[in-house]
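A closer look at the structure
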Amino acid sequence: MKGVDNSPADREGMTNKPIITCAGDWNLFCTLEAPLVAAIPQDSCEWRRSYGRITKFVYLEASFVKFNKDKNQSELNLLKRPIFHVYWTDCVDIEYYKTTLREDIEGWLKYLEKNNVTDWMIVLVETYDIRKTNKLLPRTTVLDKIKGDFSVKQTEDRFISVINPIKSEARSAESWRALVAKVRHFVLVAYNKALIKFEEHMREQREKRNDPEWDFCKYFILQEQLAFVLEMLCLYEEALVQYDELDALFSQFVLNSNVAESPKWLDTFKQQVTSWQAVRLTALVPQNLRELIIKKKASLLDFRSYLFQRQSAMLLLTFKPWEIASRCLTTVHNTLVELSLLGAQAVEGAAACWAHLACVETLRACERLSSTNTALEACTAMHAPLLHNAKDKLHELGKLCGLLPGSSDPSSEQLHLVVMLSAGMGDSEPNNQQSPTDRLKEALCSKNSFQQYYLELAELAMGTYKHIGRLRFARHIGRDLAAFYSELGESGKAVVFLTDALRSYEEQGWRDLAAHSRLELVAAALRMRDGDRYTKLSARIASTAELEILVRNFYFEEMMKSLRDNLADKKETVLTELNDCFQIVSATLLPSERDVYITDNKIQCRFVVESYMPKDVNCTRAAISVEVYQDKQTEKRTPVKNNKTDLSVSVGSQSNSPRRSTPDDTSENESNNLITSIRLDDLKPKNPLLNPMNITSKLHYKEDKTLQKATVECQNPKVTLKRSDSSKYRKPSATVRNNYETCFSADDIIIKPGLNDVTVEYIAKQCGKFKLGQISLIVEGKLEFLSNALVSSKMGYEVETQGVSVYLNKVEAKKDLVAGLEQEMELVVNSGSSKIEENAKIELRTSTGLHMRFVDDQSAMSRELSIPIDAIGPFQTAKIQLRLFAILQPKREKNIEHTVWLTCPWWESATEVPLHFVPPMSASWRLLTSNTRKLVHITLKSTVAHPLQFLLTDPSLDCDANTNVSDLNPKNAGDLVVASDGTTASFMWELLKDPLVKAGPMKATFSVNYRLKSAKEETSRRFSCPFDIQDYTTLFVIRTKLEPGKGSDFCRASQVCCLQLNVQRVNETEHTSLMYEVLADQTMWAVLGRTAGVITMESNSTEGQCVSLDVMPLGAGYLPLPAVRLSKYIAANTRDPKKDISAHPRLEPFSPGQVYHAGKAKQIHVLPPVPKEHVDITV
């Protein structure tokens, strides 16, 4: 795998390189060394490893040395032993090869074979000569001879020929690339073999770790060689694994030593700690610490510093500074635990110095490497714990050295300790920059430097915690700063941090921590001589259930004492939160006696408050502010005027009078309605985390319509998923006092511990909608508790000013108003919230046809009436009984509408009251004809819905002067009854006229006297109904006769019969062309041939026209004759198109009574068909 940089020369950590020996012509190699060393690391090479490990692409560098038989390194020394061997020659003379070079190569290979070296290569360097290109090539070259003498099947690729690039650069490119590739490949093959052997040896050594003579330091150096080789090959992550294994092995030995026998080698790390220098986080190997480990003189801090430095070096080379920060905390913690387990002697404070320097050095290294935003963000998440740990260790050192605020000057022993700690930290860095070691030494020299350095670390750690959203740690550091500032005497700054911590503890439910924070705050307030804060905190502490009752009682007395002594001279009250000491459980507006709240009347509100105080308190004033409620802006709707009067008519005098809601107002009222009661559960703020998330499922399909995947998606993640910041822990403050000029209030209330019912009152002065606002409880006249619990709710009321209301009602609301009868009604006057004075009058005026009077007044009715109203008090009602009579007009109408105009002194204009009357009965008439005689049949029925009966007398029918009528009604039948239950009355008259004279239109009027059956003494009234009769003279008479067919004496079913039609004109008429139509019932008759025809009547002849039709009865029995319809036939206009006559013939019907069907009620006896005779067939 490629390293962190493309150029290996930039990797500061790689100090070791693979060693390659060069045998043969050393001078020849020296000419090629520079380009070869530069070409090897230019490209990566694939490293195929054993045991199924992942293939890596690595970059190589090489260090070439001259082959020396005397220097022979062990196979276990991976760093100093040569890993590859190359023999160089430029021999081109075969004779020279046979005589001299062959023996030299043979000796070299035997030496390698003797030492079990199989990684070698022979390179023949040729010089390209353009002058020899035209000559014949020799049969056998030197390279062929070398292969023939020394090559076997497995080593054929280890013989290579290359053209000298120094003398012929263009011709040597391909062969040179092949040489470089071969060198890379064979070096990696050699390393693969060497590492396999080395890992086997290392595994054997690790298995001996329980032997008494086993030494961890030797094993550490042994396994570190593998880490060096992997680092050399740019495999930094695998090299880090080796160091992690050593770390885990050492930690396990230390832990086991606490419960089992400690190995001898562990005594090395129990020696006294004399150095606690800062860890230098670079990629270079700290050779001084490594030499101490090799010589077994390293202390535990030395070993841990070296190991952490090497782990950090690998992480630095892979650009993972955040991982370094994460490992630093673990290393520091484990090292301090190991120091205590091993019992290593050290100067007091040495471990704290080492831990502080490790954290600060790690911070500096991370800041140096965090170049990208991603790395910076990842490092920032780990910076805060490092700063926190560095701050704590610095505080520990300050306590040891007497540098904390409030402590006395350092003693001689403490000064000597500072000198020893400074000496153990070693010298500073050679550069001019201030190192963490210099900063710590400076901080330990004086109190001012220490305080400045401590505050810098603490504030930086707190700010970093806030930035990453870990507010609890930030508040914890804030409490440490508060204690530090308190020791400095700056209580004002301490209060700021304690207040922030207290707010977080309260929001997150850490009640015990919040209680102790309040104790610290009240102590700070006492030091600051802040009487207001001290009083409020004392009240809060007295109400804290987590504290002991003695503490609570003490601070309760302190609160009362402060109210008497410190706040006695203050004019304004001290404001604080009500929820700190009290809790609003519920609030209820008591209902009014009249279900509505009226101006100048008392409104009461009762709320239940729970006191957390340990004793009774005197609440000098309890109040709830009142605010004007603003309705939502809604669209103004114009009500539809209803002119009909249903059960009653209600007329209000002002626009704010109660009214019925319509369906369109329902949704509006739901959003704007005020509530009158609320409980504690409703007062709690809603947790936004409990809101349902807008998540939907979605199916994704492929192109072939098969299901690909199913996902769950959030529709609006920006609303649901957002960064959590400190704002969510802040609750709105209620220490801003509202306006209490208009409020519910009550004075001198004793509030006991537990639940208390408090009733406050308010006298309404204005109309409108109001809502309850802030709650105020004033204790001892100086300490005012405020709560905004009701501000966000819609708890309120509506105040109305009820004006005078006038209602014109029916006495019996379910009954209709009947015209033609006197109806009782009452005028209802409600005074509302005002008083009606004497001499007030209401003027009533009716429409034409409607009269009225008082019930007790026997005078004649009139259209205008003045009604005096007696003096009445507020919310009283006066009723005036009236009688109304609607004149019954001689018209045929179903409904009668009237209007009453009311004029009152409390209104600016008259008000219309529509009244709906129904007539007592209705009449219908029908004209009956018998040949030329005419009769009029009249039927009466009641139109009133409620139960009512009328007695009818003296019926009459009045016609025009030219027409007389004959009364056919019985004279001794008695009074007829018409009732609303469906009982009707019928009358009949005959029109007396000359049947042979055509009569014109006639107007008739039916009249009858009626009175109520239940009222015996009531006078009768006349009911009239006019109607018109036109075209009632009989013009034609139709007679029908059915005759049996020929050869038959009777009409039988299924036999053809003859139907004779006779149409006779009985009066003069201009219609001479007539069309007849036979309308036979198809279930009884079958008409053969055509069923209609046109006949012409002579204008001066009275003889009838006869038409014969063939019909067949379909069944036997008494069958009615087929009906015949006669119509006017108007022929088409073919001569004069200018006349208003249609171009096509048309039909017009006759009026009822102009055509009389004489045989309409006749029936004919039809016999069954004759049975078929049996016929004998003889052959």
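Above this text is the structure in question.
Residues numbered from 1 in each chain as written. Predicted model: local features only at pLDDT ≥ 70, side-chain atom pairs only at ≥ 80, totals over all residues. Heavy atoms only, no water.

Description of helix α3 (residues 142-150)
For α3, the complete set of buried residues consists of Val142, Leu143, Ile146 and Phe150. When α3 is viewed along its axis, its buried side chains cluster within an angular range of 100° and face the same direction. (Buried < 20%, exposed > 50% of the residue type's maximum accessible area, 1.4 Å probe, protein only. Helix = DSSP H or I, 4+ residues; strand = E, 2+ residues; numbered from the N terminus. Arc of directions from axis to C-beta.)

Looking at the sheet that holds strand β48 (residues 1155-1157)
The strand order β42-β44-β40-β39-β48 describes an open sheet built from five strands, whose pairing is mixed. Both outer strands of the open sheet, β42 (1085-1088) and β48, are each paired with one neighbouring strand and no more. The sheet shows a mean angle of 30° between the axes of neighbouring strands, direction not considered. Note that strand β39 (residues 1036-1043) and β48 share three bridges and pair parallel. Counted as the bridge partner of valine 1037 is tyrosine 1156 from β48. (Pairing = 2+ DSSP bridges. Axes fitted to C-alpha atoms, helices over the stretch in contact; angles between N-to-C directions.)

Brief notes about the pattern of salt bridges
Enumeration according to the criterion identifies 41 salt bridges in this entry. A salt bridge links arginine 1125 to glutamate 1077; the shortest N-O distance between them is 3.2 Å. With arginine 1125 in strand β46 (residues 1123-1130) and glutamate 1077 in strand β41 (residues 1073-1079), this residue pair connects regions lying 48 residues apart in the sequence. Glutamate 1077 sits in the buried class, given a relative accessible area of 17%. Salt bridges sharing partners connect three or more residues here, namely Glu822, Glu824, Arg853 and Arg883. (Salt bridge = Lys/Arg side-chain N within 4 Å of Asp/Glu carboxyl O.)

Regarding the packing of helix α8 (residues 300-317) against helix α9 (residues 321-342)
The interhelical angle for the contact between α8 and α9, taken along N-to-C directions, is 165°, at an axis separation of 11 Å. In terms of axis orientation, α8 runs roughly antiparallel to α9. In the crossing of α8 with α9, the sense of the turn from one axis to the other is right-handed. Across from Leu300, Leu301, Arg304, Phe308, Gln311, Ser312, Leu315 and Leu316 in α8, the residues of α9 making contact are Glu323, Ile324, Arg327, Cys328, Thr331, Thr335, Glu338, Leu339 and Leu342. The residue makeup of the contact of α8 with α9, split by class, is nine nonpolar, four polar and four charged. (Parallel < 35°, antiparallel > 145°, perpendicular 65-115°, else oblique. Left-handed = near helix turned anticlockwise from the far one by under 90°. Contact = heavy atoms within 4.5 Å. Nonpolar A, V, L, I, M, F, W, Y, C, P; charged D, E, K, R; others polar.)

Brief notes about the pairing of strand β40 (residues 1057-1065)
Bridge count for β39 against β40 is eight bridges, and the pairing is antiparallel. Paired with isoleucine 1038 across the strands is valine 1063, a residue of β40.

Honestly, it's all geometry; don't read function into it.
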